[in-house]
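Descriptive structure summary
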Amino acid sequence: MVKLLVRDRETIQEAVRRFRKLVERSGIKKEMRRREFYEKPSETNRRARLRAERRNKRTQLLAR
């Protein structure tokens, strides 16, 4: 949960900007996008497998 205390003499625009940064850094936006639609377990596994394959390919290229 993100909490933001508005500072003295801080404009609303500055407070909103700080809030957006806090939300972005905490990963809430990413989590919301991920949960927006239901994803079947097979799709989740497929995405994880492809991510692992890309990671392995990248490490093999760097090892050469």
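The structure contained in this document is the topic of the report that follows. (Residues numbered from 1 in each chain as written. Predicted model: local features only at pLDDT ≥ 70, side-chain atom pairs only at ≥ 80, totals over all residues. Heavy atoms only, no water.)

Topic: the pattern of salt bridges
Here the structure, examined in full by the defined rule, presents six salt bridges. One salt bridge connects Arg34 with Glu31, and the closest N-O pair in it is separated by 2.8 Å. Placement of both Arg34 and Glu31 in helix H2 (residues 28–35) is noted, with a separation of three residues, approximately one turn of the helix. By relative accessible area, which is 30% here, Glu31 ends up partly exposed. The salt bridge involving Arg49 is made with Glu53; its shortest N-O contact spans 3.1 Å. One end of the pair, Arg49, and the other, Glu53, are both in helix H3 (residues 41–63), four residues apart, so they sit about a helical turn from each other. The exposure class of Arg49 is partly exposed, given its relative accessible area of 45%. (Salt bridge = Lys/Arg side-chain N within 4 Å of Asp/Glu carboxyl O. Helix = DSSP H or I, 4+ residues; strand = E, 2+ residues; numbered from the N terminus. Buried < 20%, exposed > 50% of the residue type's maximum accessible area, 1.4 Å probe, protein only.)

Some words on a positive patch on the surface
Residues Lys30, Arg33, Arg51, Arg54, Arg55 and Arg58 make up a contiguous surface patch of positive charge. Taken together, the elements giving at least two residues each to the positive patch come down to H2 and H3. Counting residues per element, the positive patch draws most heavily on H3, which supplies four residues. Turning to its location among the elements, Arg55 is positioned in helix H3. Accessibility expressed as a relative area gives 45% for Arg55, which makes it partly exposed. (Patch = residues over 30% accessible without salt bridge, like charges linked within 9 Å, V, L, I, M, F, W, Y side chains within 5 Å. Areas by Shrake-Rupley, 256 points an atom, 1.4 Å probe, with all protein chains shown as cover. Lys, Arg positive; Asp, Glu negative; His and termini not counted. Charge placed at Lys NZ, Arg CZ, Asp CG, Glu CD.)

What to know about helix H1 (residues 12–26)
Between its first and last C-alpha atoms H1 spans 21 Å; for 15 residues at 1.5 Å apiece the expected length is 21 Å, and the two agree. Where H1 terminates, the next one or two residues include Gly27, which has phi positive at roughly 90 degrees. (Expected span 1.5 Å × (residues − 1).)

Topic: the side chain of Glu10
Inspection of the secondary structure assignment puts Glu10 in the segment before H1. Within the structure, the side chain of Glu10 is placed 2.9 Å from the backbone nitrogen of Arg7, a separation counted as a polar contact. A distance of 2.8 Å separates the side chain of Glu10 from the side chain of Arg18, its partner in a polar contact. In this structure Glu10 touches Leu5, Ala15 and Arg18, once residues within four positions along its chain are discounted. (Polar contact = N/O pair within 3.5 Å; in protein donor to acceptor, adjacent residues only side chain to side chain. Contact = heavy atoms within 4.5 Å.)

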